[in-house]
Amino acid sequence: MSRDLAASALEDTERPTATFSAADRAAVEPVAALVAVVVVGLALGLYAGALDDAAPDRSRQSADAALDRAERATTVGGVVDPDRLRRVEVPGTATAVELEANGERWLAASGPDAPGPPGVRSPGAVAVAERRVTVRVGPGRNVRGTLRAVVWR
């Protein structure tokens, strides 16, 4: 019996090995490959966009923090005094603090890199936080206004 196994093993080694031609190999049509690459690229693009939208907006948080500081620095007895706008300090960021009331606008900027007035600044380059406040416009005269912090991203 062992002789039969040895003979069959010898026969297996004498058989020629199969060769494959280029036509027998697996191939993908060029159009199908191009479609697959486009689909993968679109999926990665959508994923990156969704990931970017899901990330917290740090510049919005800095605008809110700047607005809180500005309100604390300018408020006396719950009323914002435009004369105290010069006291607003926002360290570390290029920030502009705007106060609008009764048709007037006051502006305090943190430096030369601070964003300019609304007509000048690029809306995509800034984060804005605003809040309605009571503004002192004269002795004993208070009106509603808007306190706004604009932070350069």
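So, here's what we can say about the structure. Predicted, not measured: the structure shown is a model, and the values here were computed from it.

The helix and strand tally for the chain stands at three helices and six strands. The order of α-helices and β-strands along the chain, N terminus first, is α-α-α-β-β-β-β-β-β. Going through the 153 residues of the chain one by one, you find that 25% of them count as buried. Counting contacts in the chain only where the partners sit at least 6 residues apart, residues at least 24 apart contribute 52% of the total. Of the accessible surface of the chain, which amounts to about 10900 Å², a share of 57% is contributed by carbon and sulfur atoms.

Looking now at the pattern of salt bridges. Counted according to the given criterion, the structure contains seven salt bridges. Glutamate 98 is the salt-bridge partner of arginine 148, the closest N and O atoms lying 2.9 Å from each other. Residue arginine 148 is found in strand S6 (residues 141-152), and its partner glutamate 98 is found in strand S3 (residues 95-101); the two are separated by 50 residues along the sequence. The two residues arginine 148 and glutamate 98 agree in class, both being buried. For the salt bridge of glutamate 100 with arginine 105, the shortest nitrogen-to-oxygen distance reads 3.1 Å. Several salt bridges share partner residues, and in doing so they unite Glu98, Glu100, Arg105, Glu130 and Arg148 into one network.

Of the strand pairs in this sheet, S3 and strand S4 (residues 104-109) are connected by six bridges, and their pairing is antiparallel. Bridge assignment links glutamate 100 to a residue of S4, and that residue is arginine 105. Connecting the antiparallel pair S3 and S4 is a turn made up of two residues, with asparagine 102 showing a positive phi of about 55°.

Calculation criteria
Residues numbered from 1 in each chain as written. Predicted model: local features only at pLDDT ≥ 70, side-chain atom pairs only at ≥ 80, totals over all residues. Heavy atoms only, no water. Helix = DSSP H or I, 4+ residues; strand = E, 2+ residues; numbered from the N terminus. Buried < 20%, exposed > 50% of the residue type's maximum accessible area, 1.4 Å probe, protein only. Contact = heavy atoms within 4.5 Å. Areas by Shrake-Rupley, 256 points an atom, 1.4 Å probe, with all protein chains shown as cover. Salt bridge = Lys/Arg side-chain N within 4 Å of Asp/Glu carboxyl O. Pairing = 2+ DSSP bridges.

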